[in-house]
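Notes for the structure review
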Amino acid sequence: MLETLTRSTDDPVHGMAENDHAAWRTETTRAAKTMPESELARRKSLLRKDLQAARARLGEARRAAAGRALMNVILDMPETGMAGTVAAYVSIGSEPQTAGLIYALWKRGSYVLLPVLLADKDLDWASYEGPDSLAPGPHGLLQPTEPRRGVTGIASADLVIVPALAVDHEGNRLGRGGGSYDRALARVGPVVPTIALLYDGELLGEVPAGPHDRRVRTVAQPATGVTRLG
Ligand SMILES: Nc1ncnc2c1ncn2[C@@H]1O[C@H](COP(=O)(O)OP(=O)(O)OP(=O)(O)O)[C@@H](O)[C@H]1O
Ligand SMILES: [Mg+2]
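Rules of the game
Residues numbered from 1 in each chain as written. Chains lettered and ligands numbered in written order. Predicted model: local features only at pLDDT ≥ 70, side-chain atom pairs only at ≥ 80, totals over all residues. Helix = DSSP H or I, 4+ residues; strand = E, 2+ residues; numbered from the N terminus. Contact = placed C-beta atoms within 7 Å. Near = placed C-beta within 6 Å. Nonpolar A, V, L, I, M, F, W, Y, C, P; charged D, E, K, R; others polar. Buried ≥ 20, exposed ≤ 12 C-beta atoms within 10 Å, placed from the backbone. Pairing = 2+ DSSP bridges. Core = buried A, V, L, I, M, F, W, Y, C linked by C-beta atoms within 7 Å. Axes fitted to C-alpha atoms, helices over the stretch in contact; angles between N-to-C directions. Parallel < 35°, antiparallel > 145°, perpendicular 65-115°, else oblique. Left-handed = near helix turned anticlockwise from the far one by under 90°.

With respect to the helices, strands and loops of the structure, Asp-124 is situated in strand E3 (residues 123-127). Placed 29 residues apart in sequence, Asp-124 and Gly-153 show a C-alpha to C-alpha distance of 7.1 Å. In this structure, Asp-124 is in contact with Val-116, Leu-118, Arg-148, Gly-150, Val-151 and Gly-153, ignoring residues within four places of it in sequence.

Here it is as structure tokens:
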């Protein structure tokens, strides 16, 4: 029997009903690991467009409020208190804002690593040393200017915070489509907490995923808080 994709909760941030996702919700992803790569890519693309359209409807104030709430959620996590090195990311576009979180982690004494996007879409890593240590990069990204530590730099993190458009209850993660975080997460040890930052309503019943996709172990949402997965 075909499985349907459903939102796990109502969607207070996006203010959307379940059937707004009709373009993808009636399609099975149960067999995603065996389906042709082109079909998997098509399903991811449909879902990405849907989620990005919902995010685009959010105003700057909502993005900032989500960023503040997520900052408090992350700072309250015991894993954060114990983390000497935290890998994070500078938000872009309609993502929940992370500038405050990055600053707070740095101020409390964590060593914060941020990504530098490489030409092949892999991620290099360099440290954050305050707001002046960032400079404009490709695609409107703000990137660290400190010396680069290489693509394996992420392996030194005790806590890894990543972007996502959606995650499902198994930890399958949908990103922006570069495969950058699939590569980066493959270099993270098996017991290191990996956390995706979402808006409320973006933890889904099922997200299409293939063999190269790397799962996250936790999601954080502004109102719902922390959900541990797997
Ligand atoms: N380990 C890898 N090595 C090389 N290419 C990869 C790897 N993982 C993924 N890719 C490439 O990235 C493409 C996009 O992957 P996918 O649709 O899963 O992106 P995503 O997870 O949404 O993006 P991101 O990880 O950047 O947030 C894949 O079709 C594949 O070509
Ligand atoms: Mg992926």
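What follows concerns the site of ligand 1. Gly-175, Gly-178, Gly-179, Ser-180 and Tyr-181 are the nearest of the 14 residues found near ligand 1. The greatest single-element share of the shell around ligand 1, amounting to 4 residues, is contributed by helix H6 (residues 180-185). For the shell around ligand 1, the class distribution of residues is 3 nonpolar, 6 polar and 5 charged.

Along E3, 4 of the 5 residues are buried, which leaves the element largely enclosed by surrounding structure. With 5 bridges connecting them, strand E2 (residues 111-117) and E3 associate as antiparallel partners. In the sheet register, Val-116 faces E3, and the bridge partner there is Asp-124. Remark: 5 residues form the turn of the hairpin made by E2 and E3, two consecutive strands paired antiparallel; Lys-121 in that turn has positive phi of roughly 75°.

Turning to the sheet that holds strand E10 (residues 203-204), a few remarks are in order. By definition, the strands of a sheet pair up through backbone hydrogen bonds, in either a parallel or an antiparallel sense. Taken together, the 3 strands give an open sheet; going across it, the order is E8-E7-E10, and neighbouring strands pair in mixed fashion. The open sheet is flanked by strand E8 (173-174) and E10, the only strands paired with a single partner. Of the strand pairs in this sheet, strand E7 (residues 166-168) and E8 are connected by 2 bridges, and their pairing is antiparallel. For Val-167, the partnering residue across the bridge sits in E8 and is Arg-173.

What follows concerns the nonpolar core. If you look at the biggest cluster of nonpolar residues, it comprises 53 residues, and the most contacted ones within it are Ala-88 and Ile-161. Ignoring any residue separated from it by four or fewer positions in sequence, one finds Ile-161 in contact with Ile-74, Val-86, Ala-87, Ala-88, Tyr-89, Ile-195 and Leu-197.

Turning to the sheet that holds strand E6 (residues 159-163), a few remarks are in order. Read from one edge to the other, the open sheet built from 7 strands follows the order E3-E2-E1-E6-E9-E11-E12, with strand pairing classed as mixed. Where the open sheet ends on each side, the last strands, each with one partner, are E3 and strand E12 (225-228). Ignoring which end each strand starts from, the neighbouring axes of this sheet average 25° apart. Direction of pairing for E6 relative to strand E9 (residues 194-197): parallel, over a ladder of 4 bridges. Bridging from a neighbouring strand, Val-160 pairs with Thr-194 of E9. The sheet contacts of helix H3 (residues 60-75) involve E6, E9, strand E11 (218-221) and E12, and relative to E11 the element is tilted by about 135°.

What follows covers the packing of H3 against helix H5 (residues 99-107). Two numbers describe how H3 lies on H5: the axes approach to 8 Å, and their chain directions differ by 30°. Relative to H5, the element H3 is oriented roughly parallel. As for the relative orientation of H3 and H5, their crossing is right-handed in sense. Residues Gly-67, Arg-68, Leu-70, Met-71, Ile-74 and Leu-75 of H3 pack against Gly-100, Leu-101 and Ala-104 of H5.

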